[in-house]
Amino acid sequence: MGWVIAILFGTAVVLLILSFIKTTHSKSQLEQQMEHVSISVRNEIHELEKQIRNMQLDAEITAQQSGAMEASAEERLLLRDMLDMHKRGYSIESIASKKQLPSHEVERMLTPYMARSAERGMVAQ
């Protein structure tokens, strides 16, 4: 009779240990899935923010060029990149060196947008 109780007790301990191991393993898998979903959501949000920023820059370019000749797709992308860098605080010289253009050309292209932002600042004050 003592042996039967000892075997049952040993079996219960083994099952308890297996239960803890399985619970820990399933929690680990759930955490990994949550981390993967979190990373996916962050990447999608980053892409959406990038698209929104590009749309805002395109809208500003379109508003500025409404009376002027339409720029080609390459010129528009170049202008969008330069305008984005300018809004992030890059200097004219650093934009020119990154885009491999003369600084006077970069300044000529960005002047209409710099004047508009300065006008907005004066109105807000």
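Just so you know, these numbers come straight off a predicted model, no measurement behind them.

(A) Seen up close, the packing of helix H1 (residues 2–64) against helix H2 (residues 73–87). The N-to-C vectors of H1 and H2 enclose an angle of 110°; their axes lie 10 Å apart at closest approach. When the axis of H1 is compared with that of H2, the two are roughly perpendicular. In contact with Arg 53, Asn 54, Leu 57, Asp 58, Glu 60, Ile 61 and Thr 62 of H1, H2 contributes Arg 76, Leu 79, Arg 80, Leu 83, Asp 84 and Lys 87. Grouping the amino acids of the contact of H1 with H2 by side-chain chemistry returns 4 nonpolar, 2 polar and 7 charged.

(B) Up close: the pattern of salt bridges. A full pass over the atoms with the stated rule returns 6 salt bridges. Between Asp 58 and Arg 80 there is a salt bridge whose closest N-O contact spans 2.8 Å. Of this pair, Asp 58 sits in helix H1 while Arg 80 is found in helix H2, placing the two residues 22 residues apart along the sequence. For the pair Asp 58 and Arg 80, a shared accessibility class is recorded, and that class is buried. Where Arg 108 meets Glu 105, a salt bridge forms, and the shortest distance between an N and an O atom there is 2.5 Å. Note that Arg 108 and Glu 105 are positioned in helix H4 (residues 103–124) at a spacing of 3 residues, about one turn of the helix.

(C) Summary view of the side chain of Arg 80. With relative accessibility at 15%, the residue Arg 80 sits in the buried group. With near-sequence residues (within four places) excluded, Arg 80 lies in contact with Asn 54, Leu 57, Asp 58 and Ile 61.

(D) Representation of the nonpolar core. Counting 13 residues, the largest nonpolar core has Leu 79, Met 82, Leu 83, Ile 95, Val 106 and Leu 110 as its most contacted members. For this core, the secondary structure elements donating two or more residues are H1, H2, helix H3 (92–99) and H4. With sequence-adjacent residues up to four places away left out, Met 82 is seen in contact with Ile 95, Lys 99, Leu 101, Val 106, Met 109 and Leu 110.

(E) Examining the environment of Glu 93 more closely. Locating Glu 93 in the fold gives a position in helix H3. Take Glu 93: its relative accessible area is 54%, and that puts it in the exposed class. Once the C-alpha coordinates of Glu 93 and His 104 are considered, the two residues, 11 residues apart in sequence, prove to be 9.0 Å apart.

(F) Seen up close, unusual backbone geometry. You will see that Gln 100, though not glycine, has its phi angle at about 55°, which is positive. Here Gln 100 is to be found in the loop between H3 and H4. The class of Gln 100 is exposed, set by a relative accessible area of 72%.

Parameters at a glance
Residues numbered from 1 in each chain as written. Predicted model: local features only at pLDDT ≥ 70, side-chain atom pairs only at ≥ 80, totals over all residues. Heavy atoms only, no water. Axes fitted to C-alpha atoms, helices over the stretch in contact; angles between N-to-C directions. Helix = DSSP H or I, 4+ residues; strand = E, 2+ residues; numbered from the N terminus. Parallel < 35°, antiparallel > 145°, perpendicular 65-115°, else oblique. Contact = heavy atoms within 4.5 Å. Nonpolar A, V, L, I, M, F, W, Y, C, P; charged D, E, K, R; others polar. Salt bridge = Lys/Arg side-chain N within 4 Å of Asp/Glu carboxyl O. Buried < 20%, exposed > 50% of the residue type's maximum accessible area, 1.4 Å probe, protein only. Core = buried A, V, L, I, M, F, W, Y, C linked by side-chain atoms within 4.5 Å.

Structural measurements only, silent on function.
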